[in-house]
Amino acid sequence: MSAPIQGPNEQFQDALTRLGGDIELMKTMAAIVVEDGPILQRQMVDAASADDWVSTADASHSLRGLLATFQLGGAVSKLEQLERLARQGDGPAVKSMLGECVADVKSLIRQVSLV
């Protein structure tokens, strides 16, 4: 069993469990999230702005996969919903939830950066 995380990273105890208790792996994954997350988020936003629903869905899917190590609800759930709406071509619904989704993703990336 892994030792509990102390401090601001306590919220990621489940992530550590999913990673087999490997704190170094978790730090590596966090660094990847911090580096790649904003890029994928920008791709998602740019694609939605261009009404490119396939690219919006692909970027949200990639971003969801990147973040899923650290969170299964919240931003990850919203990305899943956004992906589904984009794959359905429901542009108005995608654009309606995009701002909230982006805010949640930014918040999660900020939290992950503290790992």
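Residues numbered from 1 in each chain as written. Predicted model: local features only at pLDDT ≥ 70, side-chain atom pairs only at ≥ 80, totals over all residues. Heavy atoms only, no water.

Below, the discussion takes up the packing of helix H3 (residues 53-67) against helix H4 (residues 74-87). Interaxial distance between H3 and H4 falls to 8 Å at its minimum, and their mutual angle equals 160 degrees. With respect to their mutual orientation, H3 and H4 come out roughly antiparallel. When the axes of H3 and H4 are compared, the crossing they make is left-handed. When H3 is examined against H4, the residues Trp53, Val54, Thr56, Ala57, Asp58, Ser60, His61, Leu63, Arg64 and Leu67 are found in contact with a partner set consisting of Val76, Leu79, Glu80, Leu82, Glu83, Ala86 and Arg87. (Axes fitted to C-alpha atoms, helices over the stretch in contact; angles between N-to-C directions. Helix = DSSP H or I, 4+ residues; strand = E, 2+ residues; numbered from the N terminus. Parallel < 35°, antiparallel > 145°, perpendicular 65-115°, else oblique. Left-handed = near helix turned anticlockwise from the far one by under 90°. Contact = heavy atoms within 4.5 Å.)

A separate point is the packing of helix H2 (residues 23-49) against helix H5 (residues 91-112). For the pair H2 and H5, the least separation of the axes is 10 Å and the interaxial angle reads 170 degrees. Accordingly, the angle class assigned to the pair H2 and H5 is roughly antiparallel. Of the residues in H5, those touching H2 at Ala30, Val33, Val34, Gly37, Pro38, Gln41, Met44, Val45, Ala48 and Ser49 are Val94, Lys95, Leu98, Val102, Val105, Lys106, Ile109 and Val112. Here the residues of the contact of H2 with H5 are counted per class, giving 13 nonpolar, 3 polar and 2 charged. (Nonpolar A, V, L, I, M, F, W, Y, C, P; charged D, E, K, R; others polar.)

To continue, consider the side chain of Thr56. Relative to the assigned elements, Thr56 resides in helix H3. On the basis of relative accessible area, Thr56 is assigned to the buried category, the value being 0%. In this view, Thr56 contacts Met44, Ala47, Ala48, Ala86 and Val94; residues no more than four positions away in its chain are not counted. (Buried < 20%, exposed > 50% of the residue type's maximum accessible area, 1.4 Å probe, protein only.)

Glancing now at the nonpolar core. Counting 33 residues, the largest nonpolar core has Met44, Leu63, Leu67 and Phe70 as its most contacted members. Those elements that provide at least two residues to this core are helix H1 (13-18), H2, H3, H4 and H5. For this core, the element with the most residues is H5, which contributes 9 residues. Leaving out residues up to four positions away in the same chain, Met44 has contacts with Thr56, Ala59, Ser60, Leu63, Leu79, Leu82, Leu98 and Val102. (Core = buried A, V, L, I, M, F, W, Y, C linked by side-chain atoms within 4.5 Å.)

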